[in-house]
2 protein chains.
Amino acid sequence: MARRARRKAEETRQDVLDMAESVFRENGFSGTTIADIASALDMSPANVFKHFRSKTALAEAIAERHVETLVGTLEGIDTSLPTLERLGHFVRRLMESHLRSLRQSPCLFEIVLMTSGNEMACGRRYKELLESRFVDMVRLGADEGVYFCEDVEKTARCISACFACVLHPVFLARYKADELRTRCDEVIEFVNRSLTNPLAR
Amino acid sequence: MARRARRKAEETRQDVLDMAESVFRENGFSGTTIADIASALDMSPANVFKHFRSKTALAEAIAERHVETLVGTLEGIDTSLPTLERLGHFVRRLMESHLRSLRQSPCLFEIVLMTSGNEMACGRRYKELLESRFVDMVRLGADEGVYFCEDVEKTARCISACFACVLHPVFLARYKADELRTRCDEVIEFVNRSLTNPLAR
């Protein structure tokens, strides 16, 4: 019985999140109150508050769910590609997938933007996973004799930092897609140039 | 007479900006109304509105003035340093000066952050000036035979993009100073590695 109650609570929580997302999408984040969401669910506001103590808590849960989806779509590296094309292929696809979700749901982005300042466990997880992809790429490229690098982890951190200008929600939301694409291509070339420097200590 | 009236209006505008900045600093940006600023100035709100149509217009004017100050402090490059130390010296100093103004006046940062999404003429001017410093550094380094680069402008854009992760207000406001310093040092090394790649096309 306790298990069933827990499952029921979890289901209600997901229902609240789904409805909140759709009401936010309709009216924008700032134009929505907990009462609006409760009324759309035919629930009392008190009942919604039982699951989420504030609109911010609700926003964080939505952002978290969204980042989990992103983590799920973060592909492994395509080893069939030539070494020098792998990084660009990966970053371009990732940026395009972010741009798509921004177009489909600007309010979701507003929420991620708002919460991305807070120390969210899921945000850290995403960053770590992203860096681990770069670790894989750098290591493979070095094994193939194309990349030169002494400290793989540090190099992966640098790659991730250099691509923040086209992958971080703040830049995705503020620049035009064409500008981001040009910048992305230029930075890919610049980063590859660093990775292929044979004189690297 | 007309000139005197214009000068008077400009003086009043500056007085309003000074007072607004100090009231924002005291009560935070969101906790301040135009009426608060007017009352601190012993003016009517209508008189303040004559100079700034909204709190956002006021915030933009403050951000603009702040960016103009930044532009003024953006030093030329130090040619007495060895080629490979110039870039790091320049970026580190710039980051530290941003961190100082963040510490001194967090509310000013909140305002810059809020307005940095809008297309501000002064923001673009700052970015252009910053990139022109990178152009100077790359060109000089290439003349000295240390940097290898074909397209100086494009390379400067890449350098600027790679350092956004430690110079853009969003990152400055959201990460700890120590984390930013480590990242800055790592990215400087990584960028120099790209610039010194002799195989660069």
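Cut-offs used in this document
Residues numbered from 1 in each chain as written. Chains lettered and ligands numbered in written order. Predicted model: local features only at pLDDT ≥ 70, side-chain atom pairs only at ≥ 80, totals over all residues. Heavy atoms only, no water. Axes fitted to C-alpha atoms, helices over the stretch in contact; angles between N-to-C directions. Helix = DSSP H or I, 4+ residues; strand = E, 2+ residues; numbered from the N terminus. Parallel < 35°, antiparallel > 145°, perpendicular 65-115°, else oblique. Contact = heavy atoms within 4.5 Å. Nonpolar A, V, L, I, M, F, W, Y, C, P; charged D, E, K, R; others polar. Buried < 20%, exposed > 50% of the residue type's maximum accessible area, 1.4 Å probe, protein only. Domains from an automatic or database assignment. Buried area = accessible area lost by both parts, 1.4 Å probe. Least-squares fit on C-alpha atoms with pLDDT ≥ 70 in both. Left-handed = near helix turned anticlockwise from the far one by under 90°. UniProt positions renumbered as here; feature names shortened; annotations may be inferred. Salt bridge = Lys/Arg side-chain N within 4 Å of Asp/Glu carboxyl O. Phe/Tyr/Trp six-rings, centres within 6.5 Å; stacked < 30°, edge-to-face > 60°. Lys NZ or Arg CZ within 6 Å of the ring centre and 35° of its normal. Polar contact = N/O pair within 3.5 Å; in protein donor to acceptor, adjacent residues only side chain to side chain.

## Some details on the packing of helix α1 (residues 2-27) of chain B against helix α4 (residues 55-73) of chain B
All names here are of chain B.
In step 1: Two elements in contact, α1 and α4, have axes separated by 10 Å at closest approach and are oriented at 95°. Of the possible angle classes, the one that applies to α1 and α4 is roughly perpendicular. Contacts from Arg13, Gln14, Val16, Leu17, Asp18, Ala20, Glu21 and Phe24 in α1 reach Lys55, Leu58, Ala61, Ile62 and Arg65 in α4.
In step 2: Looking at side-chain class alone, the contact of α1 with α4 contains 7 nonpolar, 1 polar and 5 charged residues.

## A short note on the environment of Leu102 of chain B
In step 1: For Leu102 of chain B, the location among the structural elements is in helix α5 (residues 83-104).
In step 2: Ignoring sequence-local partners within four residues, the contact set of Leu102 of chain B consists of Phe109, Leu172 and Ala173 of chain B.

## Things to note about the side chain of Arg183 of chain A
In step 1: Positionally, Arg183 of chain A belongs in helix α11 (residues 177-195).
In step 2: Setting aside its immediate chain neighbours within four residues, Arg183 of chain A contacts Cys165, Val166, Phe171 and Tyr175 of chain A together with Lys127 and Ala161 of chain B.

## Remarks on unusual backbone geometry
When glycine is set aside, most residues are seen to have a negative phi, and most peptide bonds are trans.
Residue and element names in this part refer to chain A.
In step 1: Phi is positive for Asp42, which is not a glycine, with a value near 60°.
In step 2: Structurally, Asp42 can be placed in the loop between α2 (34-41) and α3 (45-51).
In step 3: A residue is classified by how much of its surface remains accessible, and Asp42, at 73% relative accessible area, is exposed.

## A short note on the domain arrangement of chain A
Residues and elements named next belong to chain A.
In step 1: One can read the domain layout of chain A as domain 1 (2-53) and domain 2 (62-195).
In step 2: When each unit is reduced to the centre of its C-alpha atoms, the spacing between domain 1 and domain 2 is 32 Å.
In step 3: With 9 residues of domain 1 at the contact, the number on the domain 2 side is 8 residues.
In step 4: Around 820 Å² of area is buried between domain 1 and domain 2 when both sides are counted, 62% of it from carbon and sulfur atoms.

## Topic: the relation of the copies chain A and chain B
In step 1: In screw terms, the move from chain A to chain B is a rotation of 180° and a rise of 0.0 Å along the axis, fitting with an RMSD of 0.1 Å. Taken together, the rotation and translation relating the two chain copies correspond to the operation of a two-fold axis. Closest approach to the rotation axis within chain A is made by the C-alpha atom of Ser194 of chain A, at a distance of 1.8 Å.
In step 2: In this assembly, 100% of the residues forming the interface of chain A have copies in chain B that are likewise at the interface, indicating an isologous arrangement.

## Section: the packing of α5 of chain B against helix α11 (residues 177-195) of chain B
Residue and element names in this part refer to chain B.
In step 1: Between α5 and α11, the shortest axis-to-axis distance is 10 Å and the interhelical angle comes to 155°. In terms of orientation, α5 and α11 fall into the roughly antiparallel class. By crossing handedness, the relation of α5 to α11 is classed as right-handed. Contacts between α5 and α11 involve Leu84, Leu87, Gly88, Val91, Arg92, Met95, Glu96 and Leu99 from the first element and Ala177, Leu180, Arg181, Cys184, Asp185, Ile188, Val191, Asn192 and Leu195 from the second.

## Concerning the environment of Ser105 of chain B
Residues and elements named next belong to chain B.
In step 1: Note on placement: Ser105 falls in the loop between α5 and α6 (106-115).
In step 2: Residue Ser105 is classed as buried on the basis of its relative accessible area of 4%.
In step 3: Between the alpha carbons of Ser105 and Phe24 there is a distance of 9.8 Å; along the sequence they are 81 residues apart.

## So, the UniProt feature "domain: HTH tetR-type" (unreviewed entry) in chain A
In step 1: As recorded in UniProt, the sites labelled "domain: HTH tetR-type" (unreviewed entry) are residues 10-70 of chain A.
In step 2: Across residues 10-70 of chain A one finds 80% helix and 0% strand; the C-alpha atoms that close the span lie 22 Å apart.

## Considerations on the pattern of salt bridges
In step 1: Enumeration over the complete set of coordinates arrives at 24 salt bridges over all chains.
In step 2: The partner of Asp178 of chain A in a salt bridge is Arg181 of chain A, and the shortest N-O contact between them spans 3.3 Å. Pair noted here: Asp178 of chain A and Arg181 of chain A are both in helix α11, with a separation of 3 residues, about one helical turn.
In step 3: For Asp178 of chain A, a relative accessible area of 56% puts it in the exposed group.
In step 4: Between Arg86 of chain B and Glu144 of chain B there is a salt bridge, with the nearest N and O atoms lying 2.9 Å from each other.

## Let's talk about the packing of aromatic side chains
In step 1: If you walk through the whole model with that rule in mind, you get 9 aromatic pairs over all chains.
In step 2: Between Phe171 of chain B and Tyr175 of chain B the ring centres are 6.1 Å apart and the planes differ by 15°, which places this aromatic pair in the stacked class.
In step 3: A residue is classified by how much of its surface remains accessible, and Phe171 of chain B, at 3% relative accessible area, is buried.
In step 4: Here the aromatic residues Phe171 and Tyr175 of chain A together with Phe171 and Tyr175 of chain B are joined through ring pairs into a cluster of three or more.
In step 5: Geometry around Phe29 of chain A places Lys55 of chain A over its ring, the cationic atom sitting 4.6 Å from the centre.

## Some words on helix α8 (residues 152-162) of chain B
Residue and element names in this part refer to chain B.
In step 1: Counting buried positions along α8 gives 8 out of 11 residues, so the element sits mostly inside the fold.
In step 2: Turning to α8, its buried residues are Val152, Thr155, Ala156, Cys158, Ile159, Ser160, Ala161 and Cys162.
In step 3: You can read the cap of α8 off the contacts: a side-chain oxygen lies 3.3 Å from the backbone nitrogen of Glu153, and it is on Asp151.

## With respect to the interface of chain A and chain B
In step 1: The interface of chain A with chain B comprises 32 residues on the first partner and 33 residues on the second.
In step 2: Summed over both partners, the interface of chain A with chain B comes to about 3000 Å²; 59% of that surface belongs to carbon and sulfur atoms.
In step 3: Of all residues in chain A, Arg174, Phe190 and Arg193 of chain A give up the largest surface area on contact with chain B, accounting jointly for 24% of the area buried on that side.
In step 4: There are 4 salt bridges connecting chain A and chain B.
In step 5: For Arg157 of chain A, the salt bridge goes to Glu186 of chain B, with nearest N and O atoms at 2.7 Å.
In step 6: The interface formed by chain A and chain B includes 10 residue pairs in polar contact (both at pLDDT 80 or more).
In step 7: Elements that contribute at least two residues to the side of chain A that touches chain B include exactly α8 (152-162), α9 (164-167), α10 (169-174) and α11 of chain A.
In step 8: Here the side of chain A that touches chain B takes 9 residues from α11 of chain A, the largest share from any one element.
In step 9: Looking at the side of chain A that touches chain B residue by residue, the class counts come to 17 nonpolar, 7 polar and 8 charged.

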